[in-house]
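Working through the structure, step by step
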Amino acid sequence: MKSLVINKEDLKHNIRTIKKIAEETGRQDNHKPITIIGVVKGNGYGLDLIKYARFLIDNGIDFLAVSTVEEALKLRENKVQAKILMLSSTSIKKDVKKLIENDIILSIGSKSALEIAEELGSELNKKVKAHIKIDTGFGRYGFDYNQKKELANMLQNTKNIEVEGTFSHFSLAFYEKNEYSELQFERFMDVIEYLKENKVATGILHICNSSGFLKFKNMRLNAVRIGSAFLGRISIPNTYGLKKIAYLKSDVAEIKVVPKDCYIGYSNSYKTKRETKIAVIPCGYADGFNVREQRDMFRKRDKLRYIVRDIKDSFKDKSLYIEILNNNKYEKCKIIGRIGMYHVVADITGKNIKIGDKVKFPVSPMFVDSSIRREYLSEEQ
Ligand SMILES: *Cc1c(COP(=O)(O)O)cnc(C)c1O
């Protein structure tokens, strides 16, 4: 049976690493401690929304953030008591009502969302907690950075909203050039200054996601929103010692020996060069194996760079390997033939691998089908 195995020690290591970097910023600038907001969207980045949220809380991350109303409500239904920020602004009244009733901090990023929150605050006789979202050039949620006067005016006239924070989101923090993030930061700080000058409360300020936090010491402000760094899967060079924390586990289901010149798998793309012992393992791309993050190709020259890299790569051995547990030791085995929807074939010639042996597949947890069980383990078991 398959499962996504999450190594608790490695996950703890990543959390400690991030906390330490945040604390160091504090000490350097005589800065107040930076709040770490643990982002648990997308089924907790594939780690299971509830299990992951509880793990973060147990490790001192007591402020969480989600992207959908469903995620927010599921956390509350499962008695997760932490502070929860809904990252997306919405003007759908019944959704906002559900959020407020469940004590979720709203993101407010438009006039209509502000009006709905104000209206609901009055109907429910409640101060509505919210973070104000500023669009500094992402082009999605948020008040436009160049409409700061209107924003200040609107906020001065609200009665039922308690602004606990103001934030923005980078579109390019992972990119090797920093100009656009710097521009977004400047636009953000310009709005903040204006709000402060006009005596509008901003609450805590935040703009950094994982890459932004790690790269830009001067932009960490009062809080940072960390997702991918906890999983050790950042899209900037990992010079921080963050660990990959999970793998997909399966077992060898069948073993057989096939002759030389035998096709393996769909489309006859692989033919054995000698007599070959093969292991068939039930795990494929539908489980999330070898599914890759979408490449960001924003500029022509980046496209060109990727093409050049692909050509260079095609001269290297790009075979995929998995690890099969054999006599208490993991052995690297090469995958041959195409990866199927639910199966792969590995070359185990000369190896003493047996049916039922455990197999480790490297995966990005985010792409692992949510029907697969998540196991949090302390060590090799
Ligand atoms: C997903 C998300 C994050 C976290 O991003 P990572 O790069 O995974 O750390 C932060 N803020 C917002 C608004 C997000 O949507």
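Each value, and the rule that gives it
Residues numbered from 1 in each chain as written. Predicted model: local features only at pLDDT ≥ 70, side-chain atom pairs only at ≥ 80, totals over all residues. Heavy atoms only, no water. Helix = DSSP H or I, 4+ residues; strand = E, 2+ residues; numbered from the N terminus. Buried < 20%, exposed > 50% of the residue type's maximum accessible area, 1.4 Å probe, protein only. Contact = heavy atoms within 4.5 Å. Areas by Shrake-Rupley, 256 points an atom, 1.4 Å probe, with all protein chains shown as cover. Near = heavy atom within 4 Å. Polar contact = N/O pair within 3.5 Å; in protein donor to acceptor, adjacent residues only side chain to side chain. Nonpolar A, V, L, I, M, F, W, Y, C, P; charged D, E, K, R; others polar. Phe/Tyr/Trp six-rings, centres within 6.5 Å; stacked < 30°, edge-to-face > 60°. Lys NZ or Arg CZ within 6 Å of the ring centre and 35° of its normal. Domains from an automatic or database assignment. Patch = residues over 30% accessible without salt bridge, like charges linked within 9 Å, V, L, I, M, F, W, Y side chains within 5 Å. Salt bridge = Lys/Arg side-chain N within 4 Å of Asp/Glu carboxyl O. Pairing = 2+ DSSP bridges. Axes fitted to C-alpha atoms, helices over the stretch in contact; angles between N-to-C directions.

1. Considerations on the overall build of the chain
- Tallying secondary structure elements over the chain gives 10 helices and 18 strands in all.
- Dimensions of the chain along its principal axes, counting C-alpha atoms only, are 80 × 45 × 40 Å.
- Looking at the chain as a whole, 48% of its 381 residues qualify as buried.
- Of all intrachain contacts in the chain linking residues separated by at least 6 positions in sequence, the fraction that spans at least 24 positions is 67%.
- Approximately 19600 Å² of the chain is accessible, and the part contributed by carbon and sulfur atoms is 49%.

2. Regarding the site of the ligand
- Around the ligand sit V39, K41, Y45, L87, H169, N209, S210, R225, I226, G227 and S228, and that is every residue in its neighbourhood.
- K41 has a polar side-chain atom sitting 2.8 Å from an oxygen atom of the ligand.
- In the model, an oxygen atom of the ligand is placed 3.2 Å from a nitrogen or oxygen of the N209 side chain.
- Contact with the protein chains covers 91% of the free accessible surface of the ligand, which is 390 Å².
- Breaking the shell around the ligand down by element, the ones donating at least two residues are α2 (41-45) and β10 (223-226).
- When its residues are assigned to classes, the shell around the ligand shows 4 nonpolar, 5 polar and 2 charged.

3. As for the packing of aromatic side chains
- Evaluation of the coordinates by the stated rule reveals 3 aromatic pairs.
- Ring plane angle 75° and centroid distance 4.9 Å describe the contact between F289 and F361, whose orientation is recorded as edge-to-face. With F289 in the loop between β13 (276-281) and α10 (300-314) and F361 in strand β17 (residues 358-362), this pair connects stretches of sequence that are 72 residues apart.
- The exposure class of F289 is buried, given its relative accessible area of 1%.
- The class for F361 is buried, based on a relative accessible area of 0%.
- The ring of Y247 has K360 lying over it, and the distance from NZ or CZ to the ring centre is 4.8 Å.

4. Structural notes on the domain arrangement of the chain
- Each assigned domain of the chain is listed with its residue range as follows: domain 1 (8-231) and domain 2 (246-363).
- Averaged C-alpha coordinates put domain 1 and domain 2 at centres separated by 39 Å.

5. Quick word on the side chain of S3
- By the secondary structure assignment, S3 is in strand β1 (residues 3-7).
- Engagement of the side chain of S3 in a polar contact is seen with the side chain of E375, the distance being 2.7 Å.

6. Points about a nonpolar patch on the surface
- A surface patch of nonpolar side chains, amounting to about 380 Å² of accessible area, comprises Y285, V291, M341 and Y342.
- Tracing the backbone through its elements, the reader meets Y285 in the loop between β13 and α10.

7. Considering the pattern of salt bridges
- Within the structure shown, the criterion is met by 13 salt bridges.
- D347 is paired through a salt bridge with R274; the nearest N and O atoms lie 3.3 Å apart. Placement of the pair is D347 in strand β16 (residues 344-347) and R274 in the loop between β12 (254-258) and β13, with a sequence separation of 73 residues.
- Its relative accessible area of 41% is what places R274 among the partly exposed residues.
- When salt bridges that share partners are traced, they join K93, E119 and E123 into one network.

8. A short note on the sheet that holds β16
- Taken in spatial order, the 9 strands of this open sheet run β12-β13-β16-β15-β14-β17-β11-β1-β18, and their pairing is mixed. Both outer strands of the open sheet, β12 and β18 (373-377), are each paired with one neighbouring strand and no more. For this sheet, the mean angle separating the axes of adjacent strands, direction not counted, is 35°.
- As judged from the 6 bridges shared by strand β14 (residues 321-326) and strand β15 (residues 329-336), these two strands associate in the antiparallel manner. The residue bridging L325 from the neighbouring strand is Y330, located in β15.

9. Re helix α3 (residues 49-58)
- Of the residues making up α3, those classed as buried are L49, I50, Y52, A53, F55 and L56.
- Two or three places before I50, at the opening of α3, D48 has a side-chain oxygen 3.0 Å from that residue's backbone nitrogen.
- Following α3 by one or two positions, G60 adopts a phi angle in the positive range, close to 85°.

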